[in-house]
Amino acid sequence: MMEASLFLIISISLVVGFIFIIYIVSPLITPRRLKLKKAHVVITGGSSGIGKAVAVEVLRQGASVTLLARNQEKLKQAKQDLEKHIIDKGYQKILCISVDVAKDYGSMEQAIQKQDMEVNYLGSVYATRAVLPYMKKQQCGRIVFISSQAGQLGLYGYTSYSGSKFALRGFAEALQMEVKPYNIYVTLNFPPDTDTPMLQAEMETQPEETRLISETSGLYQAHDVAKIIVRDSLNAVFLSYVGMDGYMLSILTCGMSPVTSMMVGVQQVAFMGLFRVISHLYIGSFDRIIRKCKEQREARLGDAKDK
C-alpha cells in the first residue's frame, strides 16, 4: 500500500514537473508578439461583418487600414464608421478600394455560381500573392485567413463551401512552412456562426438540417470574433478558434499543423482521445437531426399526395 502511494506521488510530481518545464520553455520557441502601432493592415471584405470588426480592433491599436470590398457605398459608410476609432490622426489612414466583380445581374449570377472556390480559396491566394513580396522584404508580417467551422468538419448543406474552406487549410499550412524563415506567420481562424449580414442572407435559403445543426454551436457577435482574430494573429497562433466547441475542433483537427507554443502541443496530445470520444456524440446527434428532417419531409410529401 505504501509503495503504491509513493509511486502515485512520484508520478504526479513528474507530470507536474513536466508541465512546469513546458510552461517555462514554451515562450522560448513562441514568436515575439507583433505590435500594430504604425503597421498597415489590409482587409478583404472589410465593409461589414467580421472584416469591419477586425478593422475596428486594429485601428484601436494604432494601425492604418486598407479595406477591399465590392460595394462602393458600403465602403464609404464603413470608412465613416471607422474614423471614430482612429487614435493617431497624424499617422493612421483608412483607404477604401472597390473591387466589384459584377456590372450587371448576369455577371453577378455567374460570380455566385463560382464563388465558393474562386472567392473563398483563390481570393485568399491572390491577396496573399499581392502582399507577400513586401512582407518578405521587411522580414516580418502576419497573414490571416478566415475559414469556418465548416472548414474543420463537413456539414450538411455545405458540400461546396466546406470543400473551399478545406482547400484554404491546406494552402495555409504549406504557406506557413514557406514563409516562416522570413519571420512571417499565418493564422487560420475558424469562426462559428457569427451575426453578420452574410449569415442573415444565408439563413434565408438554408436547409432545415443545416440550421438545426448550426444552432448547437450558438451565435457569436462579430466584435467578439474580431478580438480573437487580432489577438491570435499578433501572437502567431496558427489554429485560431472561438468558443469551447472551437477549442475541441482545433484539437481534433490539428493533424500536423504548425505549432508555435509547446503548451498548445501538449494539450493536443493530452485531449485528442477524449475529444474524439465526445465527437461521436456530436456526430450521432447530427445524424439523428438529418434523419428526422428527412422523415418529416417525406411525411409532408405523403400528405400532399393524399390531398
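Everything below is about the structure shown above.
Residues numbered from 1 in each chain as written. Predicted model: local features only at pLDDT ≥ 70, side-chain atom pairs only at ≥ 80, totals over all residues. Heavy atoms only, no water.

Asks: Help me understand the pairing of strand S3 (residues 94-98) in this model?
Replies: For a regular strand, side-chain orientation follows a simple rule: the groups alternate between the two sheet faces. Relative to S3, strand S2 (residues 64-69) is paired through five bridges, and the arrangement is parallel. Its bridge partner lying in S3, leucine 67 is registered against cysteine 96. Each parallel crossover has a hand, and for S2 linked through helix H3 (residues 72-83) to S3 it is right-handed. (Pairing = 2+ DSSP bridges. Helix = DSSP H or I, 4+ residues; strand = E, 2+ residues; numbered from the N terminus. Right-handed = clockwise from strand over helix to strand, strands pointing away.)

Asks: What is the right way to read the side chain of serine 240 from this model?
Replies: Of note, serine 240 is situated in strand S8 (residues 239-241). Engagement of the side chain of serine 240 in a polar contact is seen with the side chain of aspartate 232, the distance being 2.7 Å. (Polar contact = N/O pair within 3.5 Å; in protein donor to acceptor, adjacent residues only side chain to side chain.)

Asks: Honestly, helix H5 (residues 159-179) in this entry has me stumped. Any pointers?
Replies: Every α-helix carries 3.6 residues per turn, so stepping three or four residues along brings you back to the same face. With 21 residues, H5 extends 31 Å from end C-alpha to end C-alpha; this agrees with the ideal 30 Å at 1.5 Å per step. Here H5 has its buried residues at Tyr161, Ser162, Ser164, Lys165, Leu168, Arg169, Phe171, Ala172, Leu175, Gln176 and Val179. (Expected span 1.5 Å × (residues − 1). Buried < 20%, exposed > 50% of the residue type's maximum accessible area, 1.4 Å probe, protein only.)

Asks: What exactly am I supposed to notice about the sheet that holds strand S5 (residues 184-190) here?
Replies: Two orientations exist for strands paired in a sheet by backbone hydrogen bonds: parallel and antiparallel. As summarised here, the arrangement of the three strands in space is S4-S5-S8, forming an open sheet in which the pairing is parallel. Looking at which strands have only one partner, the edges of the open sheet turn out to be strand S4 (141-146) and S8. Looking at each pair of strands side by side, their axes are set apart by 30° on average, direction ignored. Sheet topology places S5 next to S8; three bridges connect them, and they run parallel. Counterpart to leucine 188 in the pairing with S8 is leucine 239. Here H5 sits on the sheet and contacts S4, S5 and S8; the angle it forms with S5, its principal contact strand, is near 160°. (Axes fitted to C-alpha atoms, helices over the stretch in contact; angles between N-to-C directions. Contact = heavy atoms within 4.5 Å.)

Asks: Explain the side chain of glutamine 268 here, please?
Replies: For glutamine 268, the location among the structural elements is in helix H10 (residues 262-306). Glutamine 268 sits in the buried class, given a relative accessible area of 11%. What glutamine 268 contacts, discounting residues up to four positions off in sequence, is Ile251, Cys254 and Val259.

Asks: Explain the nonpolar core to me, please; I cannot follow it from the model alone.
Replies: Generally speaking, soluble globular proteins have nonpolar side chains that are buried together. With 28 residues, the main nonpolar core has Leu36, Ile43, Val54, Val58, Val65, Leu67 and Leu82 as its most contacted residues. Listing elements by their share of this core, those giving two or more residues are strand S1 (40-44), helix H2 (49-60), S2, H3 and helix H8 (222-234). Ignoring anything within four residues of it in the chain, the contact list for valine 54 reads Ile43, Ala226, Ile229 and Val230. Residues Leu168, Val186, Phe190 and Cys254 belong to the second largest nonpolar core, which totals 17 residues. (Core = buried A, V, L, I, M, F, W, Y, C linked by side-chain atoms within 4.5 Å.)

Asks: Is there a simple way to explain H8 in this structure?
Replies: The terminal C-alpha atoms of H8 lie 18 Å apart, and with 13 residues this matches the ideal 18 Å at 1.5 Å per residue to within 8%. The positive-phi residue at the C-terminal boundary of H8 is alanine 236, with phi of around 60°.

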